[in-house]
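Remarks on the overall topology
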Amino acid sequence: MAFVCLDIRCPWIFLICTLFGCTLSSNTEIKVNPPRNFEIVDPGYLGYLYLRWQPPLALDKFEKCTVEYVLKYRNVDSQRWRTVITKNLHYKDGFDLNKRIEAKVHTLLSSQCTNGSEAQSSWSEATYWTQEQGSVETKIKDMDCVYYNWKYLVCSWKPGMSEHTDTNYNLFFWYEGLDHARQCVDYIKAHGKNIGCRMSYLESSDYKDFFICVNGSSKFKPIRSSYFIFQLQNIVKPLPPDSLSLTVNNLFEVNLKWNIPEGPIPARCFIYEITFTEDDTSWMTTTDKNEINLPRTLNESEHLCFLVRSKVNIYCSDDGLWSEWSNKQCWEGERWKKTLVFFVMPFLFVVVLVIVMVYLLAYKQKTLLKMQKAKMPPPIQPKDEDMPSAQQQ
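Before going into details, it helps to say that this report is about the structure given with it. (Residues numbered from 1 in each chain as written. Predicted model: local features only at pLDDT ≥ 70, side-chain atom pairs only at ≥ 80, totals over all residues. Heavy atoms only, no water.)

Counting secondary structure elements, the protein contains three helices and 24 strands. Across the 393 residues in the protein, those meeting the buried criterion constitute 34%. By sequence separation, contacts in the protein at least 24 residues apart represent 62% of the contacts at least 6 residues apart. Taken as a whole, the protein presents about 26,000 Å² of accessible surface, with 54% of it coming from carbon and sulfur. (Helix = DSSP H or I, 4+ residues; strand = E, 2+ residues; numbered from the N terminus. Buried < 20%, exposed > 50% of the residue type's maximum accessible area, 1.4 Å probe, protein only. Contact = heavy atoms within 4.5 Å. Areas by Shrake-Rupley, 256 points an atom, 1.4 Å probe, with all protein chains shown as cover.)

Right, dumping it as structure tokens:
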């Protein structure tokens, strides 16, 4: 602090500053060194990297200060830096190993020990990228992963464009909780080549980054690896609802109901999409319950149908996949009339036909009997002269 007073008023200035807490300006600049030996370390977890550094030199004179570190990192194609302020000398996070990674860190001293303003060092920088082998055309294409009913994960892919006949692919995965990266043990094959993998019993794998690497091998050329990061709860595809029922409450409203899909997904995690058809008109709606009352737009409609599908809602995941549509459930209005037309009327027709035929047969039989009687000769009557002789006897 440099202050020289040549005025007789100086004692009064010092007195006023003492009483009212005046702060004298200082031209002294506090400098702090940047962190040392900053590096990005790959422990073999398919994209989960360690960023670590050592304390700056000459930190002893700031023993009473709170020393923090500002860390920034990103993949090189990203416009946004991720920023972390920490007191630790390391940080861990997931990165896309398909792209180059850059990071920087500097020392930060709080304003409590630097005359009211924060002091920060220059940046220490580090970069990291995997050793790329093989051309881009050798990488797999159209990678697709689905976590079916929150039970088992299925990933599938297509071979690279410039693959040889002997090229084959292998999948490795890792998530926090595993001591090392695991290889797929249940491959999906086509023509003797691996084109997918089924992964079951992924214990405690939800709500954390899931890392996958698919690499390949060939005698003729190296195959470039592909890396993927996602969270399993965001790619869940549930089962479709079943046991649908449609009840017409009155002329103005219908009740739709279905069973919650079976499996480990809690009932509170579902959202449903319904397609409702009334005669030739269809419309869609959503609900988080497995039952809903819908208005009828046509009070005299005689054909009502609906389908429903399910998805994990925003309270249990950031995204998700819709299930397949359920079987269609319908209601036919005035069903007894149609039953009468298609079943009862033919039966009555047959009954009437039988009665008519029986009547005609009976009538014909009666007519034949009359004709036979008409053709028979009359009985012979005894003569009068024979009567006395008979009496005499």
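This is not the end of the story, as more comes after the structure.
Phi is positive for asparagine 149, which is not a glycine, with a value near 55°. Mapped onto the secondary structure, asparagine 149 falls in the loop between strand E9 (141–148) and strand E10 (152–158). Since its relative accessible area comes to 7%, asparagine 149 is described here as buried. With phi around 60°, tryptophan 150 is a residue other than glycine that occupies positive phi space. Tracing the chain through its elements places tryptophan 150 in the loop between E9 and E10. Accessibility expressed as a relative area gives 12% for tryptophan 150, which makes it buried.

By secondary structure assignment, the location of glutamine 329 is in strand E24 (residues 329–332). Exposure remark for glutamine 329: the relative accessible area of 26% places this residue in the partly exposed category. Taking C-alpha positions, glutamine 329 is 9.0 Å from serine 243, a pair spaced 86 residues apart along the chain. Not counting chain neighbours up to four residues away, the residues in contact with glutamine 329 comprise Leu244, Ser245, Leu246, Leu304, Cys305 and Phe306.

Right, let's get into the packing of aromatic side chains. Here the structure, examined in full by the defined rule, presents 18 aromatic pairs. The side chain of arginine 100 reaches across the aromatic face of tryptophan 129, ending 4.3 Å from its centre. Its end group placed over the ring of tryptophan 81, lysine 104 keeps NZ or CZ at 4.6 Å from the ring centre. (Phe/Tyr/Trp six-rings, centres within 6.5 Å; stacked < 30°, edge-to-face > 60°. Lys NZ or Arg CZ within 6 Å of the ring centre and 35° of its normal.)

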